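Residue-level structure breakdown
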Amino acid sequence: MASIHRRKTRAGRTFWELTHGRGDARVRFVAGKTREEAEGVLAHFKQQLRQHGAAPQDLSVAQAIDAYRDYLKLNRREATVTRYVRVLETFATCFLQKFHPSIGRLRDIKPQHVEDYKRRRSGGEIVEEKTAEDLEREARLRSELARSPTRPTMEANAKYGWLGRRSVHSQVSTRTVNYELRCLFTFFRWCIKQNHLFANPVANIEKFRIPKRSLPRFMTSDELRKFFAA
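Report on the accompanying structure. (Residues numbered from 1 in each chain as written. Predicted model: local features only at pLDDT ≥ 70, side-chain atom pairs only at ≥ 80, totals over all residues. Heavy atoms only, no water.)

**Focus on the pattern of salt bridges**
Short version of the rule: For salt bridges, the criterion is a side-chain nitrogen of Lys or Arg within 4 Å of an Asp or Glu carboxyl oxygen. Working definition: with a 1.4 Å probe on protein chains only, accessible area under 20% of the residue-type maximum means buried, over 50% means exposed, and in between means partly exposed.
Counted under the stated rule, the structure contains 14 salt bridges. As a salt-bridge pair, Glu 125 and Arg 120 come within 2.6 Å of each other at their nearest N and O atoms. In this structure Glu 125 comes out as partly exposed when scored by relative accessible area, which is 33%. We classify Arg 120 as buried; its relative accessible area is 17%. Each of Asp 58, Arg 105, Arg 107 and Asp 108 takes part in one network of salt bridges that share partners.

Structure representation (structure tokens):
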């Protein structure tokens, strides 16, 4: 039976822990800093137990994204897969790994992390940094092209398309951030349906307010008559 308990760290800070199961199958993790927050997490956890008959799986962020990519490839168009995976990789690689490196498991992502992503993304702080592997691969491909700039077939030329990939733009519009939040919401909702997660951290995140576009003003019949008469 799932339950919550109050705990205290060695530094004297208190938190609430959720536990479920016994022995090797026992699940335990931090459910919140306050009793109210922990009770909300416990309610979501019990709902998943009733629906799936088992506790949510403990997946890493990378494992969940890989599973979602496989799902998209079977159920969505290629362009949709590319857009969604791009957003998820930006969130996981350019944001979590840089600003919250301690977050490795899917269930550790909280609403405050999504809020931080929203703030940093709109502020231009999230950029793509090339790894040592990326730089080595780029140098190798450019060296191959310099030695032999032409290839006999399209298949042989395909790997060089990696050099022209688009990087993550640091400055994006609020519409783009809202779109990325929708992508993240859809991803986490899918994780809940698959019993990888029991609460959607994007559920209560407010999107940016976008001013409505003003409708074009048309001339009335009387105005048109006056216009042509002139």
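**Re the nonpolar core**
Stated precisely, the cut-off is as follows: Definition used in this section: a nonpolar core is a set of buried Ala, Val, Leu, Ile, Met, Phe, Trp, Tyr and Cys residues joined via side-chain atoms within 4.5 Å. Note on conventions: DSSP H or I runs of at least 4 residues are helices, E runs of at least 2 residues are strands, and numbering of each starts at the N terminus. Contact definition: two residues touch when any of their heavy atoms are within 4.5 Å.
Counting 36 residues, the largest nonpolar core has Phe 91, Leu 106, Ile 109, Leu 184, Phe 187 and Phe 188 as the members making the most contacts within it. Broken down by secondary-structure element, the contributors of at least two residues to this core are helix 2 (61–75), helix 3 (78–99), helix 4 (111–122) and helix 7 (174–193). Looking at which element gives the most residues to this core, the answer is helix 3, with 10 residues. Residue contacts for Ile 109: discarding those within four places in its chain leaves Val 61, Phe 91, Leu 96, Ile 103, Val 114, Phe 188 and Pro 201. Counting residues in each nonpolar core, the second largest holds 13 residues, with Phe 29, Ala 31, Leu 49 and Phe 198 among its members.

**So, helix 1 (residues 35–52)**
To keep it simple, the criterion reads: What a helix is expected to span follows from its residue count: subtract one and scale by 1.5 Å.
For helix 1, spanning 18 residues, the distance from its first C-alpha to its last is 25 Å, which sits close to the expected 26 Å at 1.5 Å a residue. Considering only its buried residues, helix 1 is in contact with strand 1 (3–8), strand 2 (14–20), strand 3 (27–32) and helix 7. Directly beyond the C-terminal end of helix 1, a positive phi value near 75° is found at Gly 53.

**Points about the packing of helix 2 against helix 7**
Rules: Between N-to-C directions, angles span 0 to 180 degrees; the directions come from axes that are lines fitted to C-alpha atoms, helices contributing only their stretch in contact. We call two directions roughly parallel when the angle between them is under 35 degrees, roughly antiparallel when it is over 145, roughly perpendicular when it lies between 65 and 115, and oblique otherwise. Each residue gets one of three labels, nonpolar for Ala, Val, Leu, Ile, Met, Phe, Trp, Tyr, Cys and Pro, charged for Asp, Glu, Lys and Arg, and polar for the others, Gly among them.
Look at helix 2 against helix 7: their axes get within 11 Å of each other, and the N-to-C directions meet at 95°. Comparing the axis directions of helix 2 and helix 7 gives the class roughly perpendicular. Seen from helix 2, the contacting residues are Ala 64, Ile 65, Ala 67, Tyr 68 and Tyr 71; seen from helix 7, they are Thr 186, Phe 187, Trp 190 and Cys 191. Within the contact of helix 2 with helix 7, the residues separate by chemical class into eight nonpolar, one polar and no charged.

**Some remarks on a nonpolar patch on the surface**
Here is the rule we go by: Patch building starts from residues that exceed 30% relative accessible area and form no salt bridge, then joins like charges within 9 Å and nonpolar side chains (Val, Leu, Ile, Met, Phe, Trp, Tyr) within 5 Å. Method for areas: the Shrake-Rupley scheme with a 1.4 Å probe, in which residue coverage is limited to the protein chains shown.
Together, Met 219, Leu 224, Phe 227 and Phe 228 make up a nonpolar patch on the protein surface, roughly 450 Å² of accessible area in all. Following the sequence through the fold, Met 219 ends up in the loop between helix 7 and helix 8 (221–229). Relative accessible area serves as the criterion here: at 42%, Met 219 is assigned to the partly exposed category.

**Observations regarding unusual backbone geometry**
Despite not being glycine, Asn 195 shows a phi value in the positive range, around 65°. Residue placement: Asn 195 occurs in the loop between helix 7 and helix 8. Residue classification places Asn 195 among the buried positions, given a relative accessible area of 6%.

**A look at the environment of Lys 226**
Position of Lys 226 among the secondary structure elements: in helix 8. The class of Lys 226 is exposed, set by a relative accessible area of 65%. The sequence separation of Lys 226 and His 113 amounts to 113 residues, and the corresponding C-alpha distance is 60 Å.

**Digging into the sheet that holds strand 3**
Put simply, the rule reads: Strand pairing is assigned whenever DSSP detects at least two bridges linking the two strands.
The three strands lie next to each other as 1-2-3, forming an open sheet whose pairing is antiparallel. Two strands in the sheet have a free side with no partner beyond their single neighbour: strand 1 and strand 3. Recorded for the sheet is a direction-independent mean angle of 35° between the axes of neighbouring strands. Across five bridges, the pairing between strand 2 and strand 3 is antiparallel. Pairing of Glu 17 across the sheet is with Val 30, part of strand 3. On the sheet, helix 1 packs against strand 1, strand 2 and strand 3 and is oriented at approximately 15° with respect to strand 2.

**Focus: the packing of helix 4 against helix 7**
Note the following rule: By definition, turning the near helix anticlockwise from the far helix through less than a right angle yields a left-handed crossing, and turning it clockwise yields a right-handed one.
In contact at an axis separation of 10 Å, helix 4 and helix 7 are set at 155° when each is read in the N-to-C sense. Here helix 4 lies roughly antiparallel to helix 7, going by the angle between them. Like other packed secondary-structure pairs, helix 4 and helix 7 cross with a definite hand, here right-handed. Residues Val 114, Tyr 117, Lys 118, Arg 121 and Ser 122 of helix 4 lie in contact with helix 7, whose contacting residues are Val 177, Glu 180, Leu 181 and Leu 184. Taken together, the residues that form the contact of helix 4 with helix 7 break down as five nonpolar, one polar and three charged.

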